[in-house]
Amino acid sequence: MTEKIVLSGMRPTGQLHIGHYSVLEQWVQLQQEHTCYFAIVDWHALTTSYQDTSAIKDNIKEMLVDWLASGLNPDKSTIFVQSAVHQHAELHLMFSMITPLSWLERVPTYKDQIKQLGAMGKDINTYGFLGYPLLQAADILIYRANIVPVGEDQLPHLELCREIARRFNHLYGSVFPEPEALLSEFKLLPGIDGRKMSKSYKNVIALAAEPEEIKKQVNAMITDPARIRKTDPGNPDVCVVDKYHAIYLKDKHEEIRSACRKGEIGCVQCKKMLAKALDEFFMPIRERRHEILKRPGYLDEILEEGAKRASTAAEATIMMVRKAVGI
Ligand code: TRP
Ligand code: SF4
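Position numbers for residues count from 1 along each chain, tracking the sequence in the order it is written. Chain labels run from A onward and ligand labels from 1 onward, assigned in the order the entries are written. The predicted origin of the model limits local features to residues at a pLDDT of at least 70 and limits the giving and counting of side-chain atom pairs to 80 or more, whereas totals for whole chains, interfaces and linings rest on all residues. The basis for every side-chain value is the complete set of heavy atoms in the structure, and neither hydrogens nor water enter the calculation.

**A few points about the site of ligand 2**
Next up, step 1: Neighbouring ligand 2 are the residues Thr223, Asp224, Arg227, Cys239, Val241, Cys260, Ile265, Cys267 and Cys270.
Next up, step 2: Class assignment of the residues belonging to the shell around ligand 2 gives a composition of six nonpolar, one polar and two charged. Whether a residue is near a molecule or strand is decided by its heavy atoms; if any one of them lies within 4 Å of it, the residue is near. Each residue gets one of three labels, nonpolar for Ala, Val, Leu, Ile, Met, Phe, Trp, Tyr, Cys and Pro, charged for Asp, Glu, Lys and Arg, and polar for the others, Gly among them.

What follows is the structure, given as structure tokens:
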């Protein structure tokens, strides 16, 4: 791939979990070759949490530490908070002029989410939430990005972004490239209870988990429920531990599966192996995290520098947009 402009973003949800690591790994790869922008999208967080904003600032910092500890390099990538670059908002406003309401109303997740979050006491029947994908399009197109690494769930948003780019170009002349999604190989690790890994289910292993915490979570993982004694033949296919072995103990995975089936390995021992493997795998990230937290002012510096660089690029696009539109 020749050098491209890459943009991606995450809502500031605080500490990340190990399921996020494969996404970050991909970002770290991309920053070696491309011009990368990584945004902490706090305005997007507001669309669903405007009623309680108390955690946003801390969540931004926590997530940033995880990004850096995982290898995002502020000398290579532009790392910034969305709301520090007001040009995103101007482009969002501009796009709102040319976007048919029906395009937003037909985004597959839109109505579901209003219902789902509504049931949790969140009223997101708002103008801002309807515009969520439009704001996302502005995040991407303000840098005239070509590549957008995202999970599969974001493909409808990306498609809308491409449609907006086409419509703008058609109306005012060619300003925007049509960005392409780059699917992250999001490894679908289940949470320790076998459901989707999610903070709200309290079934995650934090990226920054200390060894004791890892041990505790691994011990709580659901194993083959039919297995009572360690000599009982087990079925790894219904065991959460097995899904983790597939990734973190790849070399021994088949061997462990067969030992489980023959009743030659107990779950306690099996879990011990996993806890050790996870502990070793994430140790460097944990250590970098500790180092980062020892440097006062470091995070603010990165975000300030990132916002400066992002604003310069974003302003150049805004100039083109105003000129094209004729205002
Ligand atoms: N909607 C994305 C998510 O929930 C977050 C996001 C906002 C984003 N703006 C973006 C992702 C721009 C990629 C590009 O995951
Ligand atoms: Fe799961 Fe391992 Fe127990 Fe088999 S031995 S059920 S793979 S924890």
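Back to the text.
**Details of helix 14 (residues 298-325)**
Next up, step 1: Strands are runs of DSSP state E lasting at least 2 residues, helices are runs of H or I lasting at least 4, and numbering of each runs from the N terminus. Here the expected length of a helix is defined as 1.5 Å per residue gap, with one fewer gap than residues. In a regular helix each residue adds 1.5 Å, so 28 residues correspond to 40 Å; helix 14 covers 40 Å between its end C-alpha atoms and thus fits that length.
Next up, step 2: Note on helix 14: the residue one or two positions beyond its end, Gly326, has a positive phi of about 90°.

**A look at the site of ligand 1**
Next up, step 1: Taken together, 13 residues surround ligand 1, and among them Arg11, Tyr132, Gln136, Asp139 and Gln154 come closest.
Next up, step 2: Any N or O atom pair separated by 3.5 Å or less is treated as a polar contact, with the protein-specific requirement of one donor-capable and one acceptor-capable atom, and with residues adjacent in sequence counted only for side-chain atom pairs. At a separation of 3.1 Å, an oxygen atom of ligand 1 approaches a polar side-chain atom of Arg11.
Next up, step 3: At a separation of 2.7 Å, a nitrogen atom of ligand 1 approaches a polar side-chain atom of Asp139.
Next up, step 4: If you list the elements that add at least two residues to the shell around ligand 1, you get strand 1 (5-10), helix 8 (132-141) and strand 4 (147-150).
Next up, step 5: Top contributing element to the shell around ligand 1 by residue count: helix 8, with four residues.
Next up, step 6: Considered class by class, the residues forming the shell around ligand 1 number six nonpolar, five polar and two charged.

**Some remarks on the side chain of Arg289**
Next up, step 1: Checked against the element boundaries, Arg289 lands in helix 13 (residues 267-293).
Next up, step 2: In this structure Arg289 comes out as buried when scored by relative accessible area, which is 7%.
Next up, step 3: Within polar-contact distance, the side chain of Arg289 engages the side chain of Asp66 at 2.8 Å.
Next up, step 4: Contacts are assigned to residue pairs that have any heavy atoms within 4.5 Å of one another. In contact with Arg289, not counting residues within four places along its chain, are Gln15, Glu62, Val65, Asp66, Ala69 and Ala208. Categorising residues by exposure relies on relative accessible area from a 1.4 Å probe, with only protein chains included: less than 20% of the type maximum marks a residue as buried, more than 50% marks it as exposed, and the intermediate range marks it as partly exposed.

**Thoughts on the nonpolar core**
Next up, step 1: Note on terminology: a nonpolar core comprises buried Ala, Val, Leu, Ile, Met, Phe, Trp, Tyr and Cys residues joined through side-chain atoms within 4.5 Å. Ranked by size, the top nonpolar core spans 59 residues in total, and within it Ile18, Trp67, Ile205, Met221, Tyr244, Tyr248 and Leu278 carry the most contacts.
Next up, step 2: Dropping the residues within four chain positions of it, Ile18 is found in contact with Leu189, Met197, Ile205, Ala206, Leu207, Tyr244, Tyr248, Leu278 and Phe282.
Next up, step 3: Ranked by size, the runner-up nonpolar core spans 42 residues in total, among them Phe95, Trp103, Val107 and Ile142.

**Looking at the packing of aromatic side chains**
Next up, step 1: Each pair of aromatic rings taken from Phe, Tyr and Trp, with Trp reduced to its six-membered ring, is defined by centres within 6.5 Å and is described as stacked if the planes are under 30 degrees apart, edge-to-face if over 60, and tilted in the remaining cases. Tallied over the entire structure, the rule returns 15 aromatic pairs.
Next up, step 2: Ring geometry for Phe281 against Phe282: centres 4.8 Å apart, planes inclined by 70°, an arrangement best described as edge-to-face.
Next up, step 3: Whether a charge lies above a ring is judged from NZ of Lys or CZ of Arg, which has to be within 6 Å of the ring centre and within 35 degrees of the ring normal. Positioned over the ring face of Tyr201 is Arg195, at 3.9 Å from the centre of the ring.
Next up, step 4: The ring of Tyr298 is capped by Arg295, whose NZ or CZ atom sits 3.9 Å from the centre of that ring.

**Digging into the packing of helix 2 (residues 42-49) against helix 8**
Next up, step 1: Running from N to C, helix 2 and helix 8 point in directions that differ by 175°, and their axes come no closer than 10 Å. Put simply, helix 2 runs roughly antiparallel to helix 8. Together, Trp43, His44 and Thr47 of helix 2 and Tyr132, Leu135, Gln136 and Asp139 of helix 8 make up the contact between the two elements.
Next up, step 2: Among the residues making up the contact of helix 2 with helix 8, the classes are represented as three nonpolar, three polar and one charged. Angles shown run from 0 to 180 degrees and are taken between the N-to-C directions of axes, each axis being a line fitted to C-alpha atoms and, for helices, limited to the stretch in contact. For classification purposes, angles smaller than 35 degrees are called roughly parallel, those larger than 145 roughly antiparallel, those between 65 and 115 roughly perpendicular, and all remaining angles oblique.

**Side note on the domain arrangement of the protein chain**
Next up, step 1: As assigned here, the protein chain comprises domain 1 (5-188 + 296-325) and domain 2 (199-290).
Next up, step 2: Between the C-alpha centres of domain 1 and domain 2 there is a distance of 34 Å.
Next up, step 3: Once two parts are put together, the accessible area they lose, assessed with a 1.4 Å probe and summed over both, is termed the buried area. Roughly 1,300 Å² is buried in total at the junction of domain 1 and domain 2, and carbon and sulfur atoms are behind 64% of that figure.
Next up, step 4: Contact with domain 2 buries area across many residues of domain 1, yet Ile18, Tyr21 and Ala69 alone supply 46% of it, more than any other trio. Domain boundaries shown here were taken from an automatic or database domain assignment.

**Regarding the packing of helix 8 against helix 9 (residues 155-172)**
Next up, step 1: Running from amino to carboxyl end, helix 8 crosses helix 9 at an angle of 65°, the nearest separation of the two axes being 9 Å. When the axis of helix 8 is compared with that of helix 9, the two are roughly perpendicular. Classified by chirality, the crossing of helix 9 by helix 8 is right-handed. Residue-level contacts link Tyr132, Pro133, Leu134, Gln136, Ala137, Ile140 and Leu141 of helix 8 to His157, Leu158, Leu160, Cys161, Ile164 and Ala165 of helix 9. The handedness criterion is simple: a crossing whose near helix is rotated anticlockwise from the far helix by less than a right angle is left-handed, and one whose near helix is rotated clockwise is right-handed.

**A short note on the pairing of strand 2 (residues 35-40)**
Next up, step 1: Within strand 2, five of the six residues are buried, leaving the element largely enclosed by the surrounding structure.
Next up, step 2: Note on pairing: DSSP must find at least two bridges between two strands before they are called paired. Bridge count for strand 1 against strand 2 is six bridges, and the pairing is parallel. Paired with Met10 across the strands is Ile40, a residue of strand 2.
Next up, step 3: Handedness is read with the strands pointing away from the viewer; a crossover is right-handed when the path from the first strand over the helix to the second is clockwise. Taking the sense of rotation as the criterion, the β-α-β connection linking strand 1, helix 1 (residues 21-33) and strand 2 turns out right-handed.

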